[in-house]
Amino acid sequence: MSAPAFLHLSVGSQLIAEHAVANGFTGVVVDMQHGEHDLGSATRIIRSVPGSLSRTLVRVPGIDAGVIGAVLDAGAGGIIAPCVESAEQARAVVAATKFAPVGARSLGPQRPGLYQGPDMCASANASVRAYVQIESALGVERRREILTVAGLDGVYIGPADLALTMGHPPRLDWEDGPVKDAIDLVVAAAREAGVEVGVFSLSGEYARRMTGSGQADFVGLGSDVGLVARATQLLIGSYRA
């Protein structure tokens, strides 16, 4: 079975999320950092996806416990915190995502039966994933102190911003060179720490190589806006050829 693949959603459309899941994606990453989502559209999409605990992640705009708590109360299966560059920031992510004694998430159940078992808080802590995004040269430098923070579930690598901070073109799907070397360092640190690895990719072939080689446990594979852009370019190109 293929490793999980999530489509990034920038547009506040429940319909796109439904099509992504129906057509084979494991689930969606609701992108509040770079997408058009506010808290209302993000929570509507989360609630619209069946089995949201396994099918929805939210890339939050920052380390704001209020926003993180709200999307988790709506049923998100985890959060991705952007541009984490210190253990202190990673601890704040865990605190906002996990209930005590692991973290400090506020108890405000909204959806009935979301977390199963006699201990709702323990079930939530086991089900909900706290991911930090390492996407800068400084984050790579501090990878070990970040990824060994107690309660952290994994790292999501952002290759484009990472490349930019290293003085390279901000592109994805690095096969070699200094940016790939930096990615390898983060992967190795994550394996040492025993946490999951995700990576954002444009190419299905690249994503398959990353998961097939054991370098990634899941992938973010493209975005709704990217798919529309490429499809419209191909369509109008074929018309004007």
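Use the structure listed above.
Throughout what follows, the structure given in this document is the object of discussion. Just so you know, these numbers come straight off a predicted model, no measurement behind them.

## Examining the packing of aromatic side chains
Right, on to step 1. Counting across every chain of the model gives 3 aromatic pairs.
Right, on to step 2. Aromatic side chains Phe6 and Phe218 sit 6.2 Å apart centroid to centroid with 85° between the ring planes, which places their arrangement in the edge-to-face category. Taken together, the residues Phe6 in strand S1 (residues 5-9) and Phe218 in strand S8 (residues 218-223) connect sequence positions 212 residues apart.
Right, on to step 3. The class for Phe218 is buried, based on a relative accessible area of 5%.
Right, on to step 4. Ring centres of Tyr156 and Phe218 lie 5.8 Å apart, and the angle between their planes is 5°; this geometry places the pair in the stacked category. Residue Tyr156 is located in strand S6 (residues 154-157), and its partner Phe218 is located in strand S8; the two are separated by 62 residues in the primary sequence.
Right, on to step 5. Overall, the relative accessible area of 1% leaves Tyr156 in the buried class.

## A closer look at the pattern of salt bridges
Right, on to step 1. Evaluation of the coordinates by the stated rule reveals 7 salt bridges.
Right, on to step 2. A salt bridge links Asp184 to Lys180; the shortest N-O distance between them is 2.7 Å. Placement of the pair is Asp184 and Lys180 together in helix H10 (residues 177-193), with a separation of 4 residues, close to one helical turn.
Right, on to step 3. Judged by its relative accessible area of 10%, Lys180 falls in the buried class.
Right, on to step 4. Ionic pairing is found between Asp217 and Arg191, a salt bridge with its closest N-O pair at 2.9 Å. Taken together, the residues Asp217 in the loop between helix H11 (204-212) and S8 and Arg191 in helix H10 connect sequence positions 26 residues apart.
Right, on to step 5. According to the relative accessible area criterion, Asp217 is partly exposed, its value standing at 31%.

## Notes on the side chain of Asp224
Right, on to step 1. Residue position: Asp224 is located in helix H12 (residues 224-240).
Right, on to step 2. In this structure, Asp224 is buried with no salt-bridge partner, the nearest side chain bearing the opposite charge being Arg230 at 9.7 Å.
Right, on to step 3. A polar atom in the side chain of Asp224 sits 2.9 Å from the backbone nitrogen of Ser10.
Right, on to step 4. Aside from chain neighbours lying at most four places away, what touches Asp224 is Leu7, His8, Leu9, Ser10, Val11 and Ile16.

## Let's talk about the packing of helix H2 (residues 39-48) against helix H4 (residues 65-73)
Right, on to step 1. The interhelical angle for the contact between H2 and H4, taken along N-to-C directions, is 30°, at an axis separation of 9 Å. If you check the angle between H2 and H4, you find them roughly parallel. Between H2 and H4 lies a crossing of right-handed hand. Between H2 and H4, the residues in contact are Leu39, Thr43 and Ile46 and Val67, Ala70 and Val71, respectively.
Right, on to step 2. By residue class, the composition of the contact of H2 with H4 is 5 nonpolar, 1 polar and no charged.

Thresholds, definitions, all that
Residues numbered from 1 in each chain as written. Predicted model: local features only at pLDDT ≥ 70, side-chain atom pairs only at ≥ 80, totals over all residues. Heavy atoms only, no water. Phe/Tyr/Trp six-rings, centres within 6.5 Å; stacked < 30°, edge-to-face > 60°. Helix = DSSP H or I, 4+ residues; strand = E, 2+ residues; numbered from the N terminus. Buried < 20%, exposed > 50% of the residue type's maximum accessible area, 1.4 Å probe, protein only. Salt bridge = Lys/Arg side-chain N within 4 Å of Asp/Glu carboxyl O. Lys, Arg positive; Asp, Glu negative; His and termini not counted. Polar contact = N/O pair within 3.5 Å; in protein donor to acceptor, adjacent residues only side chain to side chain. Contact = heavy atoms within 4.5 Å. Axes fitted to C-alpha atoms, helices over the stretch in contact; angles between N-to-C directions. Parallel < 35°, antiparallel > 145°, perpendicular 65-115°, else oblique. Left-handed = near helix turned anticlockwise from the far one by under 90°. Nonpolar A, V, L, I, M, F, W, Y, C, P; charged D, E, K, R; others polar.

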